[in-house]
Amino acid sequence: MSRQIGPKLLPPPELVEALLSRDNFLIATHVNPDGDAIGSCLALSDALNSLGKKCVLLDKHPIPAQYLFLPGQDKFETFEAFNASGKKIADFDTLVMVDCNHPDRIGLSTKELIPAIEELKRALAGGMFTVVIDHHQTENGFGNIRWISPETAATGMLVYAAIKKMGVTITQAIAKNIYTAIVTDTGNFRFDNTNAEVFRVAAELIDYGVSSSETYENAFESYSGGRFRLFLGVIGTLWIDGNIAVSTVTTKMFEETSTAADDTEAFVSFPMLMKDIRIAMLIRELKDGTCKVSLRSKGAIDVARVAEQFNGGGHKNAAGCRIEAGVAEAKRMLLEKLREINI
Ligand code: 5GP
Ligand code: MN
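Residues numbered from 1 in each chain as written. Chains lettered and ligands numbered in written order. Predicted model: local features only at pLDDT ≥ 70, side-chain atom pairs only at ≥ 80, totals over all residues. Heavy atoms only, no water.

For the rest of this paragraph, the subject is the nonpolar core. In this structure, Ile27, Leu44, Val96, Ile133, Ile163, Met166 and Leu205 are the most contacted members of the largest nonpolar core, which totals 50 residues. Residues within four places of isoleucine 27 in sequence aside, it is in contact with Cys41, Leu44, Ser45, Leu48, Cys55, Val56, Leu57, Leu58, Val96 and Val98. Within the second largest apolar cluster, 24 residues are counted, among which are Cys291, Ile323, Ala330 and Leu334. (Core = buried A, V, L, I, M, F, W, Y, C linked by side-chain atoms within 4.5 Å. Buried < 20%, exposed > 50% of the residue type's maximum accessible area, 1.4 Å probe, protein only. Contact = heavy atoms within 4.5 Å.)

Structure, rendered in structure tokens:
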């Protein structure tokens, strides 16, 4: 298959205009944030700050340990911390949703009663101006200005293009954050989404002083002992049927290894080391007895279609969803759906 080799990414003019003309930004990204989500938000906030604008970075969950090396990561606030600091959603004129495109994905669908979440829901219902910068193929038309580019490897690529268009000077901190966004979503340049433009941008970022080996070590070779024991436990649950691999992680396994949900990042992919495995799933038990599912695939197999059957979504080769059932039942439902839609 011939790879896309251009044209260079062009941000919509109205997006650049909105970022340049507005002043007080809430920048929010998806629950269980990954390197693309975190790096993209941090780079965007640095760029907007350099133009004299105010930004607050919000995420439902704290930053996972493997991303604490990112410059500025301490600027992220949970919704609870936002409330504790006395800020009000009404003080902001713009919400930017990064690496996601629906309020549910930033955590607004939670059943927990958190004042900042209730305020934000009210603000959105009242027409709060929202900008979306994302690259997921599953989308719902939310937002006043939307730049959703599923063919782009990482949201970090879009943010980088927008920052350059705004005329901001690229600092080493911006470069490190964008580079980490890209390596996260390309699996360190090995997934199918790694095209020539990805390498061109990565080369520029290296010129701004990013170290590829340091980034790799920080993002991928930084497991705690507990995380590695959890990994061994998850590998021990492996179940294979034909070209499908399923692994599971229970709340008990987290307790036994003193680990948490974000320690499972990338575990879903390990069965893909086997030549014959084309679809891998990781079913993670949640505290309320329901499950979070990660799906991965090789080549043309579109697992976003499977996730969408359960109100989730994502990309062709990487998607996720939540299932209101226990681990065994969720696995049965997923396998049934896979057979049904025959991907
Ligand atoms: P992961 O398996 O690493 O959590 O997620 C894989 C991809 O699917 C990511 O791009 C993520 O944003 C997306 N994703 C994961 N869970 C959900 C979900 O519940 N809903 C939607 N729409 N996307 C999801
Ligand atoms: Mn992403």
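Structure's up, so let's keep going.
To continue, consider the domain arrangement of the protein chain. In terms of domains, the protein chain is made up of domain 1 (7–218) and domain 2 (225–340). Using only C-alpha atoms to locate each centre, domain 1 and domain 2 end up separated by 25 Å. Facing twelve residues of domain 1, the contacting portion of domain 2 comprises 13 residues. Counting the surface domain 1 buries against domain 2, the share from its top three residues, Gln66, Gln137 and Thr138, is 45%. One can count one salt bridge joining domain 1 with domain 2. Note that aspartate 192 is salt-bridged to lysine 316, the shortest N-O span being 3.5 Å. Where domain 1 packs against domain 2, one counts eight residue pairs in polar contact (both at pLDDT 80 or more). Tallied by class, the residues present in the side of domain 1 that touches domain 2 amount to three nonpolar, seven polar and two charged. (Domains from an automatic or database assignment. Buried area = accessible area lost by both parts, 1.4 Å probe. Salt bridge = Lys/Arg side-chain N within 4 Å of Asp/Glu carboxyl O. Polar contact = N/O pair within 3.5 Å; in protein donor to acceptor, adjacent residues only side chain to side chain. Nonpolar A, V, L, I, M, F, W, Y, C, P; charged D, E, K, R; others polar.)

Relative to the helices and strands, arginine 284 is located in strand 9 (residues 279–285). Each C-alpha atom, one on arginine 284 and one on isoleucine 114, is 24 Å from the other, the two residues being 170 residues apart in sequence. The residues touching arginine 284, leaving out its near neighbours within four places in the chain, are Asn32, Val249, Phe254, Ala261, Thr264, Thr290, Cys291 and Lys292. (Helix = DSSP H or I, 4+ residues; strand = E, 2+ residues; numbered from the N terminus.)

Look at any regular strand and the pattern is simple: side chains alternate between the two faces of the sheet. Among the six residues of strand 8 (residues 244–249), six are classified as buried, and the element is accordingly described as predominantly covered. With burial as the criterion, each face of strand 8 is covered, one bearing Ile244, Val246 and Thr248 and the other bearing Ala245, Ser247 and Val249. Across three bridges, the pairing between strand 7 (residues 239–241) and strand 8 is antiparallel. Looking across to strand 8, one finds that isoleucine 240 is bridged to alanine 245. Two strands pair when backbone bridges link them, and strand 8 and strand 9 are joined in this way by six bridges, in the parallel orientation. Across the sheet, alanine 245 pairs through a bridge with alanine 280, a residue of strand 9. (Pairing = 2+ DSSP bridges.)

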